[in-house]
Structure formats: C-alpha cells, structure tokens
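Descriptive analysis of the structure
Take a look at the letters that make up each chain.
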Amino acid sequence: MTEQEAYVTLNMLPKVGPVTVRHLLEHFGNPPRILISSLAELKRVPGVRAPAAASIANWQRQVDPVAEIRAAEQSGVTIITAADDDYPPMLTDLYDPPLCLYLSGDRKALEMCNKLSIAFVGSRHVTHYGVTVTDRLASAAAAAGWCVVSGLAVGVDTGAHRAVVKGGGRTVAVIGSGLASLYPSENVDLARKICTSGGAVISEFPLQRKPDRQTFPMRNRIIAALSLGTVVVEAGHKSGSLITANQALDLGRHVFAVPGPITSPQSSGCHKLLRDGATLVENFGDIS
C-alpha cells in the first residue's frame, strides 16, 4: 500500500480523525504501518479509543482507497495528503490538520494562501448592505492580488467568491461536503467558474461525503487556517462565522469586522467582535 492510499483510507474511516492519526503516527511511524497493525496493537497506543482502533483494524471491510483515488482522477480532482510537499504549511498550525485535501481547480490558488490570503465569512441571510460591502471589499482584495478564501455558502460567501471571479482574481472555496456531493447545489455553477478562472474548490472529505452538522465547523477551521486574516461582514450573535473568527484568533491570525446598523440582528455578532478587539473595517485599506 502506498502512503497516499493509506492516508486516503484513514481519512475515509468512521470514528477516526486527525488527532487519532497523529497519535498513531507518533507510535508506528507511517500510515501504511498503522493499517497492518493488529487490533491489540492499536488499542495499546495512548490516545486511541477502542472504536477507532476497531474501525482501523477492519478497514478493508469498509473502504476502498484505490477506487476512491481512481474516482478522483477521473473527475479531475487532485488528492493532497499531509505527507505531500505541496500540502499547505499554514494548515499545520491547526491542532487537527486535515489528513487529505481534495482539490478541483488550480493548485496555484492554494499556494497563494501562503503569501497573501484573506478570508471572508458572514451570514447566510445577508442584507443588501452586506451584499454591497462584501462585493466592495472582495473586489478590492482581488484587485490588490490577494487570494480570497471563503466557504461557498449562500450569502456573504457567495458574494465574495463572485466578486473575485468577476474581477479576475483567485479565490479558494472550502466546502463542508465531498466534491462529488457539492453543497449547496445552487452554487455548482459558481464552483465551476471558480475552478476555470484560476481558483480552486477544496474539501477534506471523501468524494461522496454528504454535509452534516459536523462537517461545517470542520470546514471553518480550514478557512481560518488558510488565511492571514478573517473578515466578518455580517453575523448574528450565534452565527457560525463567529466560530471561524474565534478559530482564527486561536491560530494567531487577524480578525476584522464590518460595523453595521445597531438595529440589524445580522450585525450583532460583528459588533461583539469589535468590542472584543477585532479591527474595524470600512475599506480594504483597513486590512492591507
């Protein structure tokens, strides 16, 4: 088994995550060695729970890494593993960096994240004000040569990606599903435009993985890690965008927030970030 096949296998297995794999790598040295270990050996590794050990010991009954890699190749998808030279170094700042990245589009967009990258996040229920601000800031970022990272969700994410594509810049969309089950479906055409205009759509999930409550917070940590800073345009007080902002802070990244009307629920989360020390943004010059 190749190292790529082993990483793909571990990434596809239920009850096995990046932190568990880190413990296993510290013990066994490389991914293929993990997969040939007995259940008893796996259980003896500190930090590895019994369900994870059982899942790994029975991997051949659950996943087919060769078929997954072949399906990716046939779809024009590149699989980058944590052992590859072009694995984004910024992701290694995470406590639980993804084992694999599935990439559709141009790898150069991902490489740009190491130099000049800014994330845009915000409400799915974006207001006209939010649409206008997102378009203005993301367009300015693209014009200045920054790579814009977002999550392809409806609302602020969609506005940011569209502005960059329209402006001829590069954007990276990090999605909360497998690339073959792209969510939301209404952004399939936008994802295609991103990929054909020098950008990329990426996911840590196997091709057919459907989105769920777990996949979106996982997606958010990648958005935060791939970016030098995160801009929150509109966010309610319980918005998932605040999770991304907090993850960015945990990683030592900059957090920016756009102020809004005090009467707008969509701006309450941004105002909280500003009270907590986020940088106020009125134009892209406040970021760059």
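Check the entry above for the structure.
My aim in this report is to walk through the structure given alongside it, one point at a time. (Residues numbered from 1 in each chain as written. Predicted model: local features only at pLDDT ≥ 70, side-chain atom pairs only at ≥ 80, totals over all residues. Heavy atoms only, no water.)

**Digging into the sheet that holds strand 3 (residues 117-121)**
Taken in spatial order, the nine strands of this open sheet run 1-2-6-5-4-3-7-8-9, and their pairing is mixed. With one partner strand each, in any of the chains shown, strand 1 (78-81) and strand 9 (279-280) form the two edges of the open sheet. Sheet topology note: the strand 7 (residues 229-232)/strand 8 (residues 254-257) ladder contains four bridges and is parallel. Each residue of the ladder has a partner; that of Val231, found in strand 8, is Phe256. (Pairing = 2+ DSSP bridges. Helix = DSSP H or I, 4+ residues; strand = E, 2+ residues; numbered from the N terminus.)

**Re the environment of Asn246**
Structurally, the position occupied by Asn246 is in helix 12 (residues 240-250). The partly exposed category is assigned to Asn246, whose relative accessible area is 40%. Between the C-alpha atoms of Asn246 and Thr279, which are 33 residues apart in sequence, the distance is 14 Å. (Buried < 20%, exposed > 50% of the residue type's maximum accessible area, 1.4 Å probe, protein only.)

**Notes on the pairing of strand 3**
Taken residue by residue, a regular strand's side chains alternate between the two faces of the sheet. For strand 3, the buried fraction is high: five of the five residues fall into the buried class. Because side chains alternate across strand 3, one face comprises the buried residues Ser117, Ala119 and Val121, and the other comprises Ile118 and Phe120, equally buried. At this point the chain moves from strand 3, through helix 8 (residues 128-143), to the parallel strand 4 (residues 147-150), and the crossover so formed is right-handed. (Right-handed = clockwise from strand over helix to strand, strands pointing away.)

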